[in-house]
Amino acid sequence: MFDNKRIAVLGAGKLGEALITGMLDAEVVSRKQFIATAAHKERLEQLRAKLDLETTLSNSEAVKKAHLVLLCVKPQTVEEVLRQIADDLTPNHIVISVAASVTTRFIEGIINKPVPVIRTMPNTPCFVKKGMTAITAGTYATPDHMGQARKIFDAIGRTLILDERHMDAVTGLSASGPAFVYIIIESFIEAGVKVGLTREAATQLAAQMVLGASSMVLETGEHPAKLKDIVTTPAGCTIDGILELEDGGLRVTLIKAVVRATQRAKELVNG
C-alpha cells in the first residue's frame, strides 16, 4: 500500500514518533520512506539518533518530498503550518490530521485545493500500541485514502471509521477517557493500600484488572452489564461494592465528565 511512497510527519513529537515506530514495527514502511519535522533542532537530532530518519526544520521541504502528510501538530498550530505548506500540496497528496477539534472543512478551506484530507482522533495508549483511533473522511478522500489512513493507525491499536459529526464526542470519550481511567486506577490502588496491600502489589492488581476487564468487553462482545452480572454473585462481596459506587454517583459522574470534555472539544477551534 505504501510502496515507493514517502511520508512526511509534521511536528514529530510523542504521537508522531509513536506512529513512525508503529509503522516500522508492523513492517508497513521502511525508515527511508519517512521525513520528519519539528520546531527545534534538538528534537530532530533525537529522532535521527533514535530512529535513523531523514529530518528537516522545514515543513515545506518535507511536503515537497512526500506523498502522504501526517499533520501531528497542536490544534492551535494547525492553521500556521497549513499556510506554510498550502502552496506545496497537490491533489496527489493525502493530508491526515491528528489535531483535536480541527475539522476537515477548516483544513480544506486553508489548502483551497481538491486535496484529500482525513481527520483522526487517536489517544495516548497509542504509545504502547493499545490505542483507539477514530477516522473520518474529508470532501476529497476516497475509500482508498481511508484504507491507507486505517493501515497507519491499525499499527498502533484499533481503528473505527465514523462520521465527522461524532469526532468531538470521540475526543471527550476515548481521547480524554484514559485520564479518567487513570484516576479510577489510582483510586483502586489507594483502596488496596487501605485494605492492607503493598502499593506495588495494589498497582499491579488494579492495572491488570482494568486491562483484563477491557479485554473481556472487546473479545467476548458481551454487554458490560452482562459481564458485571457474572462477577456479582448473590449476597456476595461485589454487590456490596456496587451499592457503594451507585451511592457515590460514579456512573453519573463519569457520564458528566465525558459530556463536559466533549463540549470543551467543540470550543477549542472554530472550524
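Notes on the structure follow. Only a predicted model underlies this, so the values are computations on that prediction, with no experimental measurement involved.

1. Details of the overall build of the protein chain
Consideration 1: The number of helices and strands found in the protein chain is twelve helices and eight strands.
Consideration 2: Looking at the 271 residues of the protein chain, the share that counts as buried comes to 42%.
Consideration 3: For the protein chain, the share of sequence-separated contacts (at least 6 apart) that also reach a separation of at least 24 residues comes to 65%.
Consideration 4: Summing over all exposed atoms, the protein chain offers an accessible surface of approximately 15,000 Å²; the carbon and sulfur share of this is 57%.
Consideration 5: Side-chain charges in the protein chain split into 31 positive and 30 negative, and the spacing between the mean points of these groups amounts to 3 Å.

2. Considering the packing of helix H1 (residues 14–25) against helix H2 (residues 41–51)
Consideration 1: Look at H1 against H2: their axes get within 12 Å of each other, and the N-to-C directions meet at 20°. Accordingly, the angle class assigned to the pair H1 and H2 is roughly parallel. Both H1 and H2 take part in a crossing whose hand is right-handed. Contact residues: H1 offers Lys 14, Glu 17, Ile 20 and Thr 21, while H2 offers Arg 43, Leu 47, Lys 50 and Leu 51.
Consideration 2: Of the residues belonging to the contact of H1 with H2, the class tally is three nonpolar, one polar and four charged.

3. Points about the pattern of salt bridges
Consideration 1: Taken as a whole and assessed by the stated rule, the structure comprises 15 salt bridges.
Consideration 2: Glu 17 is paired through a salt bridge with Arg 43; the nearest N and O atoms lie 2.8 Å apart. Residue Glu 17 is located in helix H1, and its partner Arg 43 is located in helix H2; the two are separated by 26 residues in the primary sequence. Per residue, the accessibility class of Glu 17 equals that of Arg 43, and both read buried.
Consideration 3: Salt-bridge contacts for Arg 119 lead to Asp 168; the nearest nitrogen and oxygen are separated by 3.5 Å. Residue Arg 119 is found in strand S6 (residues 117–121), and its partner Asp 168 is found in helix H7 (residues 167–175); the two are separated by 49 residues along the sequence.
Consideration 4: Residue Asp 168 is classed as buried on the basis of its relative accessible area of 15%.
Consideration 5: One network of salt bridges, in which partners are shared, links Arg 6, Glu 54, Glu 61 and Lys 65.

4. Things to note about the side chain of Asn 123
Consideration 1: On the secondary structure map, Asn 123 appears in the loop between S6 and strand S7 (131–137).
Consideration 2: With a relative accessible area of 10%, Asn 123 lands in the buried category.
Consideration 3: Of the polar contacts made by the side chain of Asn 123, one reaches the backbone oxygen of Ser 174; its length is 2.9 Å.
Consideration 4: The contacts of Asn 123, once residues within four sequence positions are left out, are Gly 131, Met 132, Ser 174, Ala 175 and Pro 178.

5. Looking at the environment of Phe 127
Consideration 1: Positionally, Phe 127 belongs in the loop between S6 and S7.
Consideration 2: Sequence-distant contacts of Phe 127, that is, excluding residues within four places in its chain, are made with Lys 14, Leu 15 and Ala 18.

Definitions and cut-offs
Residues numbered from 1 in each chain as written. Predicted model: local features only at pLDDT ≥ 70, side-chain atom pairs only at ≥ 80, totals over all residues. Heavy atoms only, no water. Helix = DSSP H or I, 4+ residues; strand = E, 2+ residues; numbered from the N terminus. Buried < 20%, exposed > 50% of the residue type's maximum accessible area, 1.4 Å probe, protein only. Contact = heavy atoms within 4.5 Å. Areas by Shrake-Rupley, 256 points an atom, 1.4 Å probe, with all protein chains shown as cover. Lys, Arg positive; Asp, Glu negative; His and termini not counted. Charge placed at Lys NZ, Arg CZ, Asp CG, Glu CD. Axes fitted to C-alpha atoms, helices over the stretch in contact; angles between N-to-C directions. Parallel < 35°, antiparallel > 145°, perpendicular 65-115°, else oblique. Left-handed = near helix turned anticlockwise from the far one by under 90°. Nonpolar A, V, L, I, M, F, W, Y, C, P; charged D, E, K, R; others polar. Salt bridge = Lys/Arg side-chain N within 4 Å of Asp/Glu carboxyl O. Polar contact = N/O pair within 3.5 Å; in protein donor to acceptor, adjacent residues only side chain to side chain.

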